[in-house]
Amino acid sequence: MNFFRSVRAVADASATGTGTIDWDAAAEASKAAIEPGSIDLSAAERDGYATDVRDARDRLRRVAAVDFDVPAAVEVQNRHHWIDANIKTFRRVMVPFEEHSPVFLPGLTRAVNTGTFALVLSFLGNNVLGQYDPLLLADGDDHGLYFVHPNIRRVADSLDVDYPRFRRWIAFHEVSHAAEFGAAPWLSTHLESRMERGIDALVEGDIDRSAFHELDTAMTAVEGYAELLMDRAFDDEYEDLRRKLDERRRGGGPIAKLARRLLGLGLKRRQYERGARFFEAVADERGVAAASRVWDHPENLPTNAELDAPERWIARVSP
């Protein structure tokens, strides 16, 4: 960790360039704030990652009764690799704001915005375990599947759980997301359209509540269905893993808790808990294959009301 280099990168953002964010400086500052960690994998670890992803794909295909494949890009990353991959997404999302937002104090605003994004990236880069990346708002149809190896090893050690079993559990969770997007080719476009509507409204100084409500409902389905698949398909005991990881997420110091609140990670937790309850009820009543019908077409997504009354969704979609 090089605190001086991190601060210097942010400070330099105010001196040169245009735009509200210096993305190169944000990347440099965030990477200077955290160690990259080692990805010097043994042959057994390399084989372990490959086997975990392959087994997760095969079991999820059978359990969910959906045809999908994992992305061509499956990467074992260090923390800096993850930052490099995700800063591109942040940059795409922020384009409308950079093009339309007024800048009254260019130097100060540029430095503050750059520092804010550097803080976000460094916090996430130091905590993310795995990620299925649909590359929203990007050109092309490529998706990515990432495993942040140093974080997986560190968290497995801190939780005092078996590392290969923990790594495999993370793989099943991320491949569950691949199953969703593979079963629903329309899902990326559906999410992108709601994101773009919401962002465009914010740029114009308005709030498109319907766009954000639709996005929240869709993401609740995404998170909840992945929880269902992971629970039904994982080939080992996992209750201790879930309990210990949940306890870790609720813990931490005041700065970590504040960061999670500001980043909306509590919202994501509520999404997957609410979505998991919905899909568990559907699967218990009609089976996992019936729950998978949610991805047949956009009209099959549950409404906000149906998320709390799964019997209504069953009557509408899977009578």
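For the structure itself, look to the data block above.
Read on for a plain summary of the structure.

Calculation rules
- Residues numbered from 1 in each chain as written.
- Predicted model: local features only at pLDDT ≥ 70, side-chain atom pairs only at ≥ 80, totals over all residues.
- Heavy atoms only, no water.
- Patch = residues over 30% accessible without salt bridge, like charges linked within 9 Å, V, L, I, M, F, W, Y side chains within 5 Å.
- Areas by Shrake-Rupley, 256 points an atom, 1.4 Å probe, with all protein chains shown as cover.
- Salt bridge = Lys/Arg side-chain N within 4 Å of Asp/Glu carboxyl O.
- Lys, Arg positive; Asp, Glu negative; His and termini not counted.
- Charge placed at Lys NZ, Arg CZ, Asp CG, Glu CD.
- Helix = DSSP H or I, 4+ residues; strand = E, 2+ residues; numbered from the N terminus.
- Buried < 20%, exposed > 50% of the residue type's maximum accessible area, 1.4 Å probe, protein only.
- Expected span 1.5 Å × (residues − 1).
- Arc of directions from axis to C-beta.
- Phe/Tyr/Trp six-rings, centres within 6.5 Å; stacked < 30°, edge-to-face > 60°.
- Lys NZ or Arg CZ within 6 Å of the ring centre and 35° of its normal.
- Pairing = 2+ DSSP bridges.
- Axes fitted to C-alpha atoms, helices over the stretch in contact; angles between N-to-C directions.
- Contact = heavy atoms within 4.5 Å.
- Core = buried A, V, L, I, M, F, W, Y, C linked by side-chain atoms within 4.5 Å.

## As for a negative patch on the surface
Step number 1: Taken together, the side chains of Asp162, Asp236, Glu237 and Glu239 make up a negatively charged region of the molecular surface.
Step number 2: Tracing the sequence through the fold places Asp236 in the loop between helix H9 (209-233) and helix H10 (239-250).
Step number 3: Given a relative accessible area of 40%, Asp236 falls into the partly exposed group.

## Let's talk about helix H3 (residues 43-64)
Step number 1: In this model H3 runs 31 Å from its N-terminal to its C-terminal C-alpha over 22 residues, within 8% of the 32 Å that 1.5 Å per residue would give.
Step number 2: Every buried residue of H3 is listed here: Glu45, Gly48, Tyr49, Asp52, Val53, Ala56, Arg57, Leu60 and Ala64. Around the axis of H3, the buried residues are gathered within 160° of arc, so they sit on the same side. Opposite the buried face of H3, by more than 90 degrees, sit the exposed residues Ala44, Asp47 and Arg62.
Step number 3: Two residues or fewer past H3, Ala65 is found with a positive phi of approximately 55°.

## Side note on the packing of aromatic side chains
Step number 1: Summed over all chains, the structure comprises 12 aromatic pairs.
Step number 2: An angle of 40° between the planes, with centres 6.4 Å apart, marks the rings of Phe166 and Trp169 as tilted. Remark: Trp169 and Phe166 occur in helix H7 (residues 163-183); sequence separation between them is three residues, near one turn of the helix.
Step number 3: Phe166 sits in the buried class, given a relative accessible area of 0%.
Step number 4: Following the ring pairs from residue to residue traces out a cluster consisting of Trp186, Tyr225, Phe278, Phe279, Trp295 and Trp313.
Step number 5: Arg61 extends its terminal NZ or CZ atom over the ring of Phe68, reaching a point 6.0 Å from the ring centre.

## Examining the sheet that holds strand S2 (residues 130-133)
Consider a sheet: its strands pair through backbone hydrogen bonds, and that pairing is either parallel or antiparallel.
Step number 1: If you walk across this open sheet you meet the three strands as S1-S3-S2, and the pairing is mixed. Looking at the sheet topology across the chains shown, the edges are occupied by strand S1 (73-77) and S2. Strand after strand, the sheet turns through a mean of 15° between neighbouring axes, direction not considered.
Step number 2: Inspection of the sheet shows S1 paired to strand S3 (residues 144-148) by five bridges, in the parallel sense. Bridge pairing in S3 links Val74 to Leu145.
Step number 3: Set on the sheet, H7 makes contact with S2 and S3; between it and S2 the angle comes to about 10°.

## Remarks on unusual backbone geometry
Step number 1: Of note, the phi angle at Ala65 is positive, near 55°, even though the residue is not glycine.
Step number 2: Positive phi outside glycine occurs at Asp160, with the angle close to 60°.
Step number 3: Looking at the element boundaries, Asp160 is found in the loop between helix H6 (149-159) and H7.
Step number 4: A relative accessible area of 65% means that Asp160 is categorised as exposed.

## A look at the pairing of S2
Step number 1: Burial of the side chains of S2 extends over both faces: Gly130 and Tyr132 are buried on one face and Gln131 and Asp133 on the other.
Step number 2: The pairing of S2 with S3 spans four bridges and is antiparallel. Looking across to S3, one finds that Asp133 is bridged to Gly144.

## Considering the pattern of salt bridges
Step number 1: Scanning the entire structure with this criterion turns up 21 salt bridges.
Step number 2: Between Arg167 and Asp52 there is a salt bridge, and its shortest N-O distance comes to 2.7 Å. On the criterion of sequence distance, the pair formed by Arg167 in helix H7 and Asp52 in helix H3 is long-range, its members being 115 residues apart.
Step number 3: A relative accessible area of 7% means that Arg167 is categorised as buried.
Step number 4: Overall, the relative accessible area of 3% leaves Asp52 in the buried class.
Step number 5: Among the ionic pairs, Asp231 bridges to Arg242, the shortest N-O distance being 2.5 Å.

## Examining the nonpolar core
Step number 1: Among the nonpolar cores identified, the biggest contains 60 residues, and Phe166, Trp169 and Trp295 are the most heavily contacted of them.
Step number 2: Residues within four places of Trp169 in sequence aside, it is in contact with Met230, Phe234, Tyr238, Leu241, Arg242 and Leu245.
Step number 3: Core analysis: the next-biggest nonpolar cluster, separate from the first, contains 16 residues, Trp23, Ile34, Trp82 and Leu121 among them.

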